[in-house]
Every structure is written in structure tokens, then in C-alpha cells.
Protein chains: 2
Amino acid sequence: MSNDPPGFELPLRLFLGFRTLIDALHAELARQGHPDVRPMHGFVMQAIGLNGTTAVELGRTLGVSKQAAGKTIETLERLGYVERARDPHDTRRKIVRLTPHGLDALARSARIFDDLRAEWAAKLGEERLRALEADLRTVTPQDVFRLDVPGWFG
Amino acid sequence: MSNDPPGFELPLRLFLGFRTLIDALHAELARQGHPDVRPMHGFVMQAIGLNGTTAVELGRTLGVSKQAAGKTIETLERLGYVERARDPHDTRRKIVRLTPHGLDALARSARIFDDLRAEWAAKLGEERLRALEADLRTVTPQDVFRLDVPGWFG
DNA sequence: CTAAATAGTGAACCTGGTTGTCTATCGTGT
DNA sequence: ACACGATAGACAACCAGGTTCACTATTTAG
């Protein structure tokens, strides 16, 4: 069909949709007391999770080297979102845990994402939004996590 | 509605959709003789366009400093995708133009994106895909270009 | 009990972003 | 005609985050 949209619009729109949501999230997070958290940090904190993790584990989860994971942890530690403590059962390991500040950021993010989804539902209708989500599930990997995000673009 | 999907799935799926397409594009581009072009380079070459541009102009288009644009141009030049020449009408300026190699990459990308869109259409149906594109147009900025892509994530 | 595997760290390097400074050139206003 | 402001490009220093290689300390397995 010659009246199909050009193929390059699809990735662009997907990316713009993603950016629109992430930018709105971080604008609101900044307003709610988290001005210096970057988009990447959200993914990393999500990957750290409520039980904590280690640099090696985090690297595996994110698909980057343990050294890169370590650097990101350092940054997050400097910003006060995570803290490290030696594992008493294995003194080689250092457990990385979210601080109350980090947990607060995560909880607020979840809330804001729900609000943003509601905004889209208001614009598109709940039915269309559900269809959009279902279609995206069809064409993307099942496993939502394991994003391999950092440094992927450049 | 308590049975709505959690809001965080939407950005994740949009990003995964984007990544799926871009990864497939670059796998295919690598197979077709462009193994070292990175996702970012595609956007930059698109922004350079058929008429060429300058570092300052490119920086404005991409939303980065002229120095950052200059560095990216250097990389692209080293890879053989662009070339620079002094502007005879204004000897301060250096015009950046796509080389035949760069034009080839751009043309192949357009073709591959069309093929990828056709794959999605086969999986979802042309109707649903059109609806998805239409809905994304509704919730994203009108202006497809001006992405501010580079370095935005970190 | 020794040897292999593992966790963390540090160094050197790459890309791509920033800001600040500097020179060369262009264009305008007196 | 010319001086001065604006512009284009380049260079330096720095930052974030990525890589690989090398090393120490500790744990685990044979």
C-alpha cells in the first residue's frame, strides 16, 4: 500500500511517547523534592529493588560491566539515593540498598506514572490505551526488565 | 479502576518497542555493510540532511552545544559518513555533507524501517497498527524532528 | 590445604556531553 | 573606510558512564 505512513515514523513516535512520559515524570519529581535524579537513575533504582543488590549483580541485571555498575552506584550514593554496607556473611560483598530518600523517589515515581497513564487514558479513551498496550506487548520481548539501557544509544 | 495496568508499564513498552525496531535496524544495517554506525548517528545524519549543515546549525537542531555537535561530526567523519569543506561564501563556516557512504546508510535505513513496519503490520494487522500510530500522534508533540536526543538519558 | 572462583577497586582509555576562552571572519553603523 | 559586535570553529578542562585489563581479598571447592 503506497499510502502507508513511512516506516521511520513508528520508532520516532515510540521514542517521543517514551520521552514525553519520562520528561513529565522528572519534571514532577523535581517539583516533589527530587530535582537531581536522572532518567537512568530511575531504572537503576528499580533494578536495585527493595532487597538491595551488589555491584556485580546489578551489572548483570543492567547488562553492563561490574565496574560501570559500580560507578553508577557511586553517583547514586553521592546523591543520597543508595547506601552501601559490607555483607557480614561474605565480607567481599557490599550490599547496595536504597535509602529512605531513594525509596521515596521510587514510590513517587510509581504514583506519577499512574497519573500520567490516566492522562493518556483521558485523551485516547481507556479502550484505545489498553489496545495500544496490548499491541506493544505483542511486538516487544515478554521480559519487561533486563533493559540493557545504559550507554546503549551512543 | 483497580485492574488498570500499572502506569510504569507504558513507558517501558514504548521504550522496548523503540529499542526493538532500532536494534533490528542496526543488525540489518550491519549485515548490509554498515557495521559501525550507532543509533545516534542515524539521527544525526537525518538531521544533517541532503543539503548539508554546519556544526552550529546541527547543534541547534539537535539541542546540544556546537562543541558537542562538532565532536559527533568528527566521529562521523572518521567513520566516513560525512565530509567537511569550507564554505566559499563565508570562510568561517565549514559545510558538513553526507558522503556517498552516508547517503547509502540513510537510504538503506529508510528501506529497512519500511520492512520493519510491514512486519509489525503482519503481526498486529494494518488497522491496529494505524490506530497505534494515530494514538501516538495524539499524545506526542506534533514536531517529529527536534528530538534533543543526544545525552538526554544520563 | 591449596587452587579456582568471586567481589570489589583502580587505572587507562573512549565517546559524548558541558562551559569557558580564543581566533578568524563577516557584516553593520557611524 | 573602518571599528566594533556577532558569529563559526577550535581547543582545553572537566564530567558521566561506558569499556578492558590488572590487582587484592575472600570464599568455596577439590
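What you see is a predicted model; the values in this text were computed from it and never measured.

1. Some thoughts on the relation of the copies chain A and chain B
- With an RMSD of 0.0 Å, the operation that places chain A on chain B is a rotation of 180 degrees combined with a shift of 0.0 Å along the axis. What we have between these two chains is a two-fold relation.
- An overlap of 100% is found between the interface residues of chain A and their copies at the interface of chain B, pointing to a shared contact surface.

2. Some words on the pattern of salt bridges
- Under the definition given, this model contains 30 salt bridges over all chains.
- Its salt-bridge partner being Arg128 of chain B, residue Asp135 of chain A comes within 2.9 Å of it at the nearest N-O pair. Taken together, the positions of Asp135 of chain A in helix α6 (residues 126-139) and Arg128 of chain B in helix α6 (residues 126-139) put the pair across two chains.
- The exposure class assigned to Asp135 of chain A is buried, which follows from its relative accessible area of 6%.
- Overall, Arg128 of chain B belongs to the partly exposed group, its relative accessible area being 37%.
- Connected through salt bridges with shared partners, the residues Arg117, Glu126, Arg130 and Glu133 of chain A together with Asp4 of chain B form a single ionic network.

3. Some words on the interface of chain A and chain B
- Listed per partner, the contact involves 54 residues of chain A and 55 residues of chain B.
- With both sides pooled, the region where chain A packs onto chain B buries about 6,100 Å², and carbon together with sulfur makes up 70% of that total.
- Across the contact surface, chain A and chain B share six salt bridges.
- One can count eleven residue pairs in polar contact (both at pLDDT 80 or more) joining chain A with chain B.
- Taken together, the elements giving at least two residues each to the side of chain A that touches chain B come down to α1 (9-31), α2 (39-48), α5 (100-124) and α6 of chain A.
- For the side of chain A that touches chain B, the element with the most residues is α1 of chain A, which contributes 15 residues.

4. Structural notes on α6 of chain A
- Its 14 residues place the ends of α6 of chain A 20 Å apart at the C-alpha level, agreeing with the 20 Å of an ideal helix rising 1.5 Å per residue.
- Listed in full, the buried residues belonging to α6 of chain A are Leu129, Leu132, Glu133, Asp135, Leu136 and Val139 of chain A. Down the axis of α6 of chain A, the buried set is contained in an arc of 165 degrees. They therefore lie on one face.
- At its buried positions, α6 of chain A is contacted by α1 and α5 of chain A together with α1 (9-31), α5 (100-124) and α6 of chain B.

So, how was this worked out
- Residues numbered from 1 in each chain as written.
- Chains lettered and ligands numbered in written order.
- Predicted model: local features only at pLDDT ≥ 70, side-chain atom pairs only at ≥ 80, totals over all residues.
- Heavy atoms only, no water.
- Least-squares fit on C-alpha atoms with pLDDT ≥ 70 in both.
- Contact = heavy atoms within 4.5 Å.
- Salt bridge = Lys/Arg side-chain N within 4 Å of Asp/Glu carboxyl O.
- Helix = DSSP H or I, 4+ residues; strand = E, 2+ residues; numbered from the N terminus.
- Buried < 20%, exposed > 50% of the residue type's maximum accessible area, 1.4 Å probe, protein only.
- Buried area = accessible area lost by both parts, 1.4 Å probe.
- Polar contact = N/O pair within 3.5 Å; in protein donor to acceptor, adjacent residues only side chain to side chain.
- Expected span 1.5 Å × (residues − 1).
- Arc of directions from axis to C-beta.

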